[in-house]
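# Reading the structure
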Amino acid sequence: MRLLHTLLLTLGVFTFYVFAQDAPKQRHAYQSDVARLRKIVINSLYSHRDVFLREIISNANDALEKLRLTSLTEPQALSGAEAMNITIKAEKDENGNGKLIIRDTGIGMTAEELANNLGTLAKSGTSEFLSKAESDTTGNGNLIGAFGLGFYSSFLVADRVDVASLAAKTSQNPQPAQYVFSSEADENSFEIYPDPRGNTLGRGTEITLYLKPDALEYVDTNMIMELVNKHSSFATSFPIYLHTTRTEMVPDEEAESDAKTEEKPKVTEDAKADEDEAVVEEVDDEKEAEKREPKMKPVTVEEWVQLNSQPPIWMRDPKTVTDEEYENFYQATFKDYQKPLAWYHFSGDSGSGVSFRSIIYVPSRLDDSYWQNPLQSITKDIRLMVKRVFITSDLGEDALPKWANWVKVVVDAEDLPLNVSRETLQSTQFLKQLRGIILKRLLQLLTRISEEDPEKWEKVQETYGNVFKLGAVEDFKNRDKLATLVRFTTNQRNSTSLDEYLENKKQGQSQIFYLADMGKSPSELAKSVFIEKLHARGYEVLLLGDPLDEVFITNIRRWKKIPFQDVAKAGLKFGDEEMDPEEEKEEQERLTEKFKPLIEWLRQEVRNKGAARDVVISNRLVTSSCAIVADESGYTANLEKLISSSHAQANHRHMWEFAKKQKVLEINPRSPLIEGLLKRIEQLPAEEDERDVEAEEELREVATVLVDGALVRSGFAVTDSNEFFTRVDRILRRSLGVSETAPTDTTVKPAPPVDPELPADADVPEPDEFEGGRGKVSWAVEEIDEFGNVVKDVPVENKRHDEL
């Protein structure tokens, strides 16, 4: 009986094989509308043909998920193939023709399902499957669905596509057979027939793409790796394997065997006669070692490499993910060799019903190109996914602002309204919401670091300090939140926020004092004449040396309703003047009356030079004799530098010239130099007939040097630098007892006569040294000893490399 059962089973298998060999191929014609739509899919729908692999892998994922869900009620569905995976293999024959084979061990398809799912556009069977699995208590898994169109993207790169499939065993289909779906890109029909190879799959589907001549790049394994990493590295929880080959050098055993045979000595009669004699030979160890070195030969090694070994950690509970996993994921996904400074792992809802999971990363450095293109804002490191399938990094008009476009984000939405090709979103509402969500979470992350981790916050400030200032300028909506992240150096501490500054303000102080001078260090600014009295009295002053600082201040204007006060401008108020107004007023009037002759005389001098428009008694100077400050309607030295560097003055020349002259010379009435100058002015004859011209010229020169020095100390440029240094030269001569009129020897060798003659080949164009992509490059190197002294300077081509 058992023998009969075996015979019948063998006969059944043989009969199926013969049937498969002789079974006619069934040709099915596409419906006319479907055929036209298919051409649109192949020729016009996709803007990048690279997406074909993403679509096929997504189909394979659905097949594996369907198998997993089916096996819950039909355990026999898992038979036939043990592993649940996706494999990719590229082949190229002797004639240069290439093909790509993508295989999955999923649910597979019957002949009817091949016709329905692949012969009909926009139908993959996922919707029907889900409707049958409503009673499944484990959920729908990672089913993506709606890939009828996606399958036909394979014709973007293939002239012909064969799909072999063997359905999983179920109670309704206990003996499935392997069928083939075959279609060509330029045909309006497809064939379905039993696979003449028999059951070669065990279970699942194998898609063979016969590549077009212009698509042979897709047989390159590096290209396949790049596409999978970009689009599908997280699209499936099942492993994706790529068939690779590499060449290794291994010992050549056959050559070794032949060499030993050739080296074996022949025994002669004389040798036999002398075999009893002992012979001692010297053996060269090096030669013996060389003889022992095995001969090597190249061998091609085939290997299956997993492409999606990095798990989608954003799908896990943040409490279960370690710091090392976050760092490894960041470095692998964004190809950054440095670890991130911080990250924020969260899930949420966009407000329009789209749920998503996301991880925001703060890189440890900014790209070099960030500040080189100040007006360019491109968000390139936001990986927007739908069900783990990469969709786009281009958020279009909803891209992040310049100040935040460095952030690196992974966003995985459960569902989005994509267009048919799944390359762009049909609706931009989610993108607008996503932009706001990312900015909000990023600001929360930065605020938390500033409050909880001072050491890490110091690194963030070092990298992104100026970025926060830029953000406060350009992002009005988030201005206040960004301004709280900005830190400044002051004359009292190295780092303070605006809120911390206000906590330290003095009684009656109604301004935030600051001094800006682009390019200067805080230590230099702390010695400025403008903050002498402020520092002496214990007031805190923000010291701003970065170009963005004054731009930030002028855009913010006030913080917590307290305005900013540039201490380099006229009208400085400390805030406690009202505590004793009469005494202050009387003192100011007394000093003004006392120094009136000097003030009037200096006023005329500075106006003639164009250095300032007025002279007043200063209330800000302590040790310095004088300073030039900008009037309330004028430009400070720092603002002049900013405007000059941007060439903005060219379009507003008259306003520029007017504002430049709005300066005030402040003199320190307590300075011995000012008091001495006052005495000399008072000693000048009052009558016109008794004028001492020589004394007036001497005083005028002293005053000019004083004013020019004040301009330089205040950060302004002198009106005439040549005249300034000539005057300094005279003063130095005078102090050294050298005659002011002593001439300098100006004898120089004259130039040769004029020679208009040009070389004979002057009109011949210069040859291109690198024409044809080749040229000669030379360089020189220096040898130095242990103390850093140059030993020898020789061209590298003549240098002898003893180390080799």
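Residues numbered from 1 in each chain as written. Predicted model: local features only at pLDDT ≥ 70, side-chain atom pairs only at ≥ 80, totals over all residues. Heavy atoms only, no water.

Along the backbone of the protein chain there are 25 helices and 24 strands. Across the 804 residues that make up the protein chain, the buried fraction comes to 43%. By sequence separation, contacts in the protein chain at least 24 residues apart represent 73% of the contacts at least 6 residues apart. Only carbon and sulfur atoms are counted for the fraction: they give 50% of the accessible area of the protein chain, which is about 47,000 Å². (Helix = DSSP H or I, 4+ residues; strand = E, 2+ residues; numbered from the N terminus. Buried < 20%, exposed > 50% of the residue type's maximum accessible area, 1.4 Å probe, protein only. Contact = heavy atoms within 4.5 Å. Areas by Shrake-Rupley, 256 points an atom, 1.4 Å probe, with all protein chains shown as cover.)

Now for the sheet that holds strand 16 (residues 512-516). Read from one edge of the open sheet, 5 strands run 15-17-16-19-18, paired in mixed fashion. Each end of this open sheet is capped by a strand with a single partner; those strands are strand 15 (489-490) and strand 18 (558-559). In terms of strand pairing, strand 16 meets strand 19 (residues 562-566) through 3 bridges, oriented parallel. Across the sheet, residue tyrosine 514 finds its bridge partner in strand 19, namely aspartate 566. (Pairing = 2+ DSSP bridges.)

With that settled, the discussion passes to the packing of aromatic side chains. Each aromatic ring pair is specified by the distance between its two centres and by the angle formed by the two planes. Taken as a whole, this structure holds 19 aromatic pairs when the rule is applied. Seen in terms of ring centroids, tyrosine 330 and phenylalanine 334 are 5.6 Å apart; in terms of plane orientation they differ by 45°. Their pairing is tilted. A residue pair is termed a helical-turn pair when its members lie 3 or 4 positions apart in one helix, as tyrosine 330 and phenylalanine 334 do in helix 11 (residues 323-334) at 4 residues. Following the ring pairs from residue to residue traces out a cluster consisting of Trp314, Tyr326, Phe329, Tyr330, Phe334, Trp343 and Tyr361. Over the aromatic face of tyrosine 210 sits the side chain of arginine 160, whose NZ or CZ is 4.2 Å from the ring centroid. We note arginine 537 situated over the ring of phenylalanine 574; from NZ or CZ to the ring centre the distance is 4.9 Å. (Phe/Tyr/Trp six-rings, centres within 6.5 Å; stacked < 30°, edge-to-face > 60°. Lys NZ or Arg CZ within 6 Å of the ring centre and 35° of its normal.)

Over its 24 residues, helix 12 (residues 429-452) extends 35 Å from the first C-alpha to the last, a length consistent with the 34 Å expected when each residue adds 1.5 Å. Of all the residues in helix 12, the buried ones are Phe430, Leu431, Gln433, Leu434, Ile437, Ile438, Leu439, Leu442, Leu443, Leu445, Leu446 and Ile449. Its buried side turned inward, helix 12 meets strand 10 (342-349), strand 11 (355-362), strand 12 (382-386), strand 14 (408-413), helix 13 (454-474) and helix 14 (479-483). (Expected span 1.5 Å × (residues − 1).)

Before going further, it helps to spend a moment on helix 23 (residues 672-683). Structural remark: α-helix, 3.6 residues per turn; residues separated by three or four positions point the same way. Given a rise of 1.5 Å per residue, 12 residues ought to cover 16 Å, and the 17 Å separating the end C-alpha atoms of helix 23 matches this to within 8%. Here helix 23 has its buried residues at Ile674, Leu677, Leu678 and Ile681. For helix 23, the arc enclosing every buried residue in end-on projection is 105°, short of the 170-degree limit, so these residues lie on one face. Opposite the buried face of helix 23, by more than 90 degrees, sit the exposed residues Pro672, Lys679 and Gln683. (Arc of directions from axis to C-beta.)

This part is about the side chain of aspartate 162. Along the chain, aspartate 162 falls in strand 4 (residues 158-166). There is a polar contact of 2.6 Å between the side chain of aspartate 162 and the side chain of arginine 160. Setting aside anything within four residues of it in sequence, one finds aspartate 162 in contact with Val180, Phe181, Ser182, Glu206, Ile207, Thr208 and Tyr210. (Polar contact = N/O pair within 3.5 Å; in protein donor to acceptor, adjacent residues only side chain to side chain.)

This paragraph deals with the sheet that holds strand 13 (residues 389-392). In spatial order, the strands read 10-11-14-12-13; together these 5 strands make up an open sheet with mixed pairing. The open sheet has two edge strands with one neighbour each: strand 10 and strand 13. Going from strand to strand, the sheet's axes swing by 25° on average, the running direction of each strand aside. As judged from the 3 bridges shared by strand 12 and strand 13, these two strands associate in the antiparallel manner. Counted as the bridge partner of methionine 385 is phenylalanine 390 from strand 13. (Axes fitted to C-alpha atoms, helices over the stretch in contact; angles between N-to-C directions.)

Quick look at the confidence of the model for the protein chain now. Per-residue confidence for the protein chain gives a mean pLDDT of 78, with 76% of residues at or over 70. At the level of individual helices and strands, the protein chain shows its lowest average pLDDT in helix 1 (residues 2-22), which scores 42, and its highest in helix 14, which scores 93. The low-confidence segment residues 1-21 (pLDDT under 50) makes 7 contacts with residues lying over four places distant or belonging to another chain. The low-confidence segment residues 419-423 (pLDDT under 50) makes 23 contacts with residues lying over four places distant or belonging to another chain. (pLDDT = per-residue confidence, 0-100.)

What follows deals with unusual backbone geometry. Positive phi values are uncommon outside glycine, yet lysine 335 reaches one of about 55°. One can find lysine 335 in the loop between helix 11 and strand 10. By relative accessible area, lysine 335 is classed as exposed at 63%. Positive phi is not limited to glycine here, since arginine 557 has a value of about 70°. By the element assignment, arginine 557 lies in the loop between helix 18 (547-556) and strand 18.

Turning our eyes to something else, we now look at the packing of helix 12 against helix 13. The contact between helix 12 and helix 13 brings their axes to 8 Å, and the two run at 135°. Between helix 12 and helix 13, the angle is such that the two are oblique. At the point where helix 12 passes helix 13, the crossing takes the left-handed sense. Residues Leu446, Ile449, Ser450 and Glu452 of helix 12 pack against Pro454, Lys456, Trp457, Val460 and Phe468 of helix 13. Partitioned by chemical class, the residues of the contact of helix 12 with helix 13 number 6 nonpolar, 1 polar and 2 charged. (Parallel < 35°, antiparallel > 145°, perpendicular 65-115°, else oblique. Left-handed = near helix turned anticlockwise from the far one by under 90°. Nonpolar A, V, L, I, M, F, W, Y, C, P; charged D, E, K, R; others polar.)

This part is about the pattern of salt bridges. Considering all chains together, one arrives at 32 salt bridges under this definition. Between arginine 493 and glutamate 540 there is a salt bridge, with its nearest N and O atoms 2.8 Å apart. Taken as a pair, arginine 493 in the loop between strand 15 and helix 15 (498-503) and glutamate 540 in the loop between helix 17 (532-537) and strand 17 (542-544) lie far apart in primary sequence, 47 residues in all. Residue classification places arginine 493 among the partly exposed residues on the basis of a relative accessible area of 28%. Residues participating in the shared-partner salt-bridge network are Lys609, Asp708, Glu723 and Arg727. (Salt bridge = Lys/Arg side-chain N within 4 Å of Asp/Glu carboxyl O.)

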